[in-house]
Amino acid sequence: MDADDSRAALEEELRQVEADLAELRRTAAELRRQIGEGWNEPTDAAERAALITQAEEQEAFAEDLEARRDELRRRLGLD
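Bear in mind that the values here come from a model prediction, so they are computed numbers and not experimental data.

> Please clarify how the nonpolar core should be interpreted in this entry.
Across soluble globular proteins, you tend to see nonpolar side chains buried next to one another. One finds Leu10, Leu14, Val17, Leu21, Leu24, Ala62, Leu65, Leu72 and Leu76 forming the largest nonpolar core, which totals nine residues. Mapped by element, the contributors of at least two residues to this core are helix H1 (3–37) and helix H2 (45–75). With five residues, H1 is the single largest residue contributor to this core. Apart from the residues lying within four places of it in its own chain, the contact partners of Leu14 are Arg69, Leu72, Arg73, Leu76 and Leu78.

> Looking at this structure, I do not really get H2. What am I missing?
Spacing of three or four residues puts side chains on the same side of an α-helix, whose turn is 3.6 residues. With 31 residues, H2 extends 45 Å between its outermost C-alpha atoms, agreeing within 8% with the 45 Å of an ideal straight helix rising 1.5 Å per residue. Phi turns positive one or two residues past the end of H2, at Gly77, with a value near 75°.

Definitions and cut-offs
Residues numbered from 1 in each chain as written. Predicted model: local features only at pLDDT ≥ 70, side-chain atom pairs only at ≥ 80, totals over all residues. Heavy atoms only, no water. Core = buried A, V, L, I, M, F, W, Y, C linked by side-chain atoms within 4.5 Å. Buried < 20%, exposed > 50% of the residue type's maximum accessible area, 1.4 Å probe, protein only. Helix = DSSP H or I, 4+ residues; strand = E, 2+ residues; numbered from the N terminus. Contact = heavy atoms within 4.5 Å. Expected span 1.5 Å × (residues − 1).

Structure representation (structure tokens):
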């Protein structure tokens, strides 16, 4: 693999990481919206806890992807 191929591979991975990150952020925001909209509705406490846990997991994964994105940007000389 030459330098051009390596750079192209890094750029493609960066594009994919950014797309995944955007999707995770949308998903987490939607979960938080659902939790917030239902604050006054009678719901099962276990269901609400599961939604909160799912949102927190999405946000934690987004943090991991942000770190990967930053590393890729550094390797590409973009930061």
